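# Commentary on secondary and tertiary structure
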Amino acid sequence: MRRHQSAVVVAGWALLNAVLLTVLAVYGENTLVYWLWGGVVLLLALTAGLVLVSSRSGPEQHTRYRVPDRGAAAVPAAAFGFVLVALAFVHGWWLLALAGPLLAVAAALAVRGTTAREE
């Protein structure tokens, strides 16, 4: 089962949404909500099936991706941190509490970097 973990994750999301749909049914929600949420559960279940089929058909795709540059791993964290800083001007200064640690992690990744482990 180790090779098909991605399909298990998507199927887990489908199962979680099915449980939430059941909770909505217990509370007696509108019929349109059942159709919409049921469509989401169906799409997630189909996606889990497609992911499982694709992972079985192409095992050569299961490779370990490495960041080629030592400081390149800091770019996504820094970008998201700066987006949070910009949003703090609009939505409130409390977002700086989220942006600060994220930018600190990005700085640590930029200084320390990530090294590719040899197998």
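Residues numbered from 1 in each chain as written. Predicted model: local features only at pLDDT ≥ 70, side-chain atom pairs only at ≥ 80, totals over all residues. Heavy atoms only, no water.

### Concerning the confidence of the model for the chain
In this model, the chain carries an average pLDDT of 83, and 79% of its residues clear a pLDDT of 70 or more. Within the chain, the element-level pLDDT minimum falls on helix α2 (residues 31–57), averaging 88, and the maximum on helix α3 (residues 74–91), averaging 92. (pLDDT = per-residue confidence, 0-100. Helix = DSSP H or I, 4+ residues; strand = E, 2+ residues; numbered from the N terminus.)

### Some remarks on the packing of α3 against helix α4 (residues 96–112)
The geometry of α3 relative to α4 is characterised by a closest axis approach of 8 Å and an angle of 155° between their N-to-C directions. Overall, the two elements α3 and α4 adopt an arrangement that is roughly antiparallel. Taken as a pair, α3 and α4 cross one another with a handedness that is left-handed. Residues A74, A77, A78, F80, G81, F82, L84, V85 and A88 of α3 lie in contact with α4, whose contacting residues are L96, L98, A99, L102, L103, A106, L109 and A110. Considering only residue class, the contact of α3 with α4 consists of 16 nonpolar, one polar and no charged. (Axes fitted to C-alpha atoms, helices over the stretch in contact; angles between N-to-C directions. Parallel < 35°, antiparallel > 145°, perpendicular 65-115°, else oblique. Left-handed = near helix turned anticlockwise from the far one by under 90°. Contact = heavy atoms within 4.5 Å. Nonpolar A, V, L, I, M, F, W, Y, C, P; charged D, E, K, R; others polar.)

### Some points on the environment of L42
If you trace the backbone, L42 turns up in helix α2. Spatially, the C-alpha atom of L42 lies 7.7 Å from that of A14, the residues being 28 residues apart in sequence.

### Comments concerning the side chain of N17
Summarising the element assignment, N17 is placed in helix α1 (residues 5–26). There is a polar contact of 3.2 Å between the side chain of N17 and the side chain of W37. Those residues in contact with N17, other than ones at most four positions away along the chain, are W37, V40, V41 and L44. (Polar contact = N/O pair within 3.5 Å; in protein donor to acceptor, adjacent residues only side chain to side chain.)

### Regarding α3
For α3, spanning 18 residues, the distance from its first C-alpha to its last is 25 Å, which sits close to the expected 26 Å at 1.5 Å a residue. Turning to α3, its buried residues number three or more, namely A74, A77, A78, G81, L84 and A88. Considered in projection along α3, the buried side chains sweep an arc of 120° and stay on one side of the axis. Opposite the packed face of α3, turned more than 90 degrees from it, sit the exposed residues V75, P76, F82, F89, V90 and H91. On its buried face, α3 is in contact with α4. (Expected span 1.5 Å × (residues − 1). Buried < 20%, exposed > 50% of the residue type's maximum accessible area, 1.4 Å probe, protein only. Arc of directions from axis to C-beta.)

### Some details on the environment of L84
Following the sequence through the fold, L84 ends up in helix α3. Judged by relative accessible area, which is 10%, L84 ranks as buried. Expressed as a C-alpha distance, the spacing of L84 and A99, which sit 15 residues apart in the sequence, is 5.5 Å. Residues within four places of L84 in sequence aside, it is in contact with L95, L98, A99 and L102.

### Side note on the environment of A104
Structurally, A104 is set in helix α4. When the C-alpha atoms of A104 and A74 are compared, they prove to be 9.9 Å apart, with 30 residues separating the residues in sequence.

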